[in-house]
Amino acid sequence: MDFNELYKIKDEIEQIQKTYEIFNEDTRLNRSKAARVEFLTNVKYIEKYLSQGDSILDVGAGAGEYSIYFARNGYKVSALELSDANIKAFRAKMREEDEIDLIQGNAIDLSAYRDNSFDVVLLFGPLYHLHKECDRQKCISEAKRVCKDDGMIFFSFICNDMVIITELDYDKDYLSGNTYDHDTFKVEDFPFVFFTADACRKMLEDGGIEIKHEVASDGFSELIEERINSLDDESYAQYLKYHFYICEKPEFLGASNHLLFVGR
């Protein structure tokens, strides 16, 4: 399977399945110091709102990086994932003592879960793939339904405006290509769906979410990956401190491949 073959697939679920046969989600968040920035940032914000004994639903759980982390830190974790490849990778990492309720399913149908069941709901992936606004709002609505009234929902998006820069870093001819609109700079939604920070904000507000934090979750880490990976532990700790210092500043919000929105 390559990108040309993937492009021919029109069924959304089949395209998601095939996408994760190409992209290795199992190592995306843990393969290097630079890659770890996104994970550490998201965990930092999630832990602001967790109390001992809380329950977490990880929707679009990928290869289980967040589910396993929180289960091993004493939280009750349920996880739902669509991709066969990710489910396989998730199960391979689980230990016998990991008490995670993992099922295969679709983020727009959380009927396996009762209303008001979870203190925290994570949507770290589903909104990368839903092309239709009605499906995105269904996903948000389902997350709200299963979340407790005083619970928190965490949303991850891929930032359209930063993709332009990172693609240019990989390909010096990117700007003369045809994978983005040359006037609006909207990137073609393939194989993922890309949003500006403004579009993320409007989507959540339309869905009845009260936004508490808007975060540049990985910042410049993909652009300067080699430099970050070369840092010694002391310098890396200081880089993370700097990243946490700027990641909620409005002027840096769009300068990140991934955005984290935290809402009630």
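Rules and cut-offs
- Residues numbered from 1 in each chain as written.
- Predicted model: local features only at pLDDT ≥ 70, side-chain atom pairs only at ≥ 80, totals over all residues.
- Heavy atoms only, no water.
- Helix = DSSP H or I, 4+ residues; strand = E, 2+ residues; numbered from the N terminus.
- Rg over C-alpha atoms; globule rule 2.2 N^0.38 Å.
- Buried < 20%, exposed > 50% of the residue type's maximum accessible area, 1.4 Å probe, protein only.
- Contact = heavy atoms within 4.5 Å.
- Polar contact = N/O pair within 3.5 Å; in protein donor to acceptor, adjacent residues only side chain to side chain.
- Pairing = 2+ DSSP bridges.
- Phe/Tyr/Trp six-rings, centres within 6.5 Å; stacked < 30°, edge-to-face > 60°.
- Lys NZ or Arg CZ within 6 Å of the ring centre and 35° of its normal.
- Disulfide = S-S within 2.5 Å.
- Expected span 1.5 Å × (residues − 1).
- Core = buried A, V, L, I, M, F, W, Y, C linked by side-chain atoms within 4.5 Å.

## Things to note about the overall build of the protein chain
If you tally the helices and strands in the protein chain, you get 11 helices and 8 strands. For the protein chain, the C-alpha radius of gyration of 18 Å lies close to 18 Å, the compact-globule estimate for 264 residues. For the protein chain, the spread of C-alpha atoms along the three principal axes comes to 50 × 50 × 35 Å. In the protein chain, buried positions account for 50% of the 264 residues. Excluding contacts between residues fewer than 6 apart, the proportion of contacts in the protein chain whose partners are at least 24 apart in sequence is 73%.

## Overview of the side chain of Glu81
Looking at the element boundaries, Glu81 is found in strand β2 (residues 76-81). One polar contact links the side chain of Glu81 to the main-chain amide nitrogen of Ser83, over a distance of 3.0 Å. Non-local contacts of Glu81, meaning those with residues more than four positions away in its chain, are made with Gly60, Ala61, Gly62, Asn86, Ile87, Ile103, Gln104 and Gly105.

## Here we look at the pairing of strand β4 (residues 118-123)
Side-chain direction in a regular strand flips from residue to residue, so the side chains alternate between the two faces of the sheet. Of all 6 residues making up β4, 6 are buried, and the element is well covered by its neighbours. Summarising the sheet, strand β1 (residues 55-59) and β4 pair through 4 bridges and their orientation is parallel. When the sheet's bridge partners are listed, Ile56 is paired in β4 with Val120. Where β4 meets strand β5 (residues 147-159), 5 bridges bridge the pair, whose relative direction is parallel. By the bridge assignment for β5, Phe118 is matched with Cys147.

## Some remarks on the packing of aromatic side chains
Scanning the model with the defined rule gives 15 aromatic pairs in all. Ring plane angle 65 degrees and centroid distance 6.3 Å describe the contact between Tyr49 and Phe154, whose orientation is recorded as edge-to-face. Here Tyr49 is found in the loop between α4 (33-48) and β1, whereas its partner Phe154 is found in strand β5, with 105 residues between them in sequence. Aromatic side chains Tyr69 and Phe70 sit 5.0 Å apart centroid to centroid with 85 degrees between the ring planes, which places their arrangement in the edge-to-face category. An aromatic cluster is built from Phe39, Tyr66, Tyr69, Phe70, Tyr75 and Phe124, whose rings are joined through pairwise contacts. Over the ring of Tyr45 we find Lys48; its NZ or CZ atom is 5.3 Å from the centre of that ring.

## What to know about the environment of Gly64
Here Gly64 lies in the loop between β1 and α5 (65-71). Sequence-wise, Gly64 and Ile228 are 164 residues apart; in three dimensions their C-alpha atoms are separated by 24 Å.

## Let's talk about the state of the cysteines
Summed over the entire model, instances satisfying the criterion amount to 0 disulfides. This cysteine, Cys134, is not joined by any disulfide, and Cys139 carries the nearest cysteine sulfur, 12 Å off. Here Cys159 stays free of any disulfide, with the sulfur of Cys200 as its closest cysteine sulfur at 7.2 Å. With relative accessibility at 0%, the residue Cys159 sits in the buried group.

## A closer look at α4
The end-to-end C-alpha distance of α4 is 23 Å, a good match for the 22 Å that 16 residues give at a rise of 1.5 Å each. Looking at α4, one finds that the buried residues are Ala34, Ala35, Val37, Glu38, Phe39, Thr41, Asn42, Val43, Tyr45 and Ile46.

## Side note on the nonpolar core
Grouped together as the largest cluster of nonpolar side chains are 31 residues, with contacts concentrated most on Leu57, Val59, Val121, Ile153, Phe155, Phe157 and Leu259. Take this core: its biggest share by element is 5 residues, from β5. Those residues in contact with Leu259 that lie beyond four places of it in its chain are Phe155, Ser156, Phe157, Cys159, Ala197, Cys200, Val215, Ala216, Ser217 and Leu253. In this structure, Val43, Ile46, Ile68 and Tyr75 belong to the second largest nonpolar core, which totals 28 residues.

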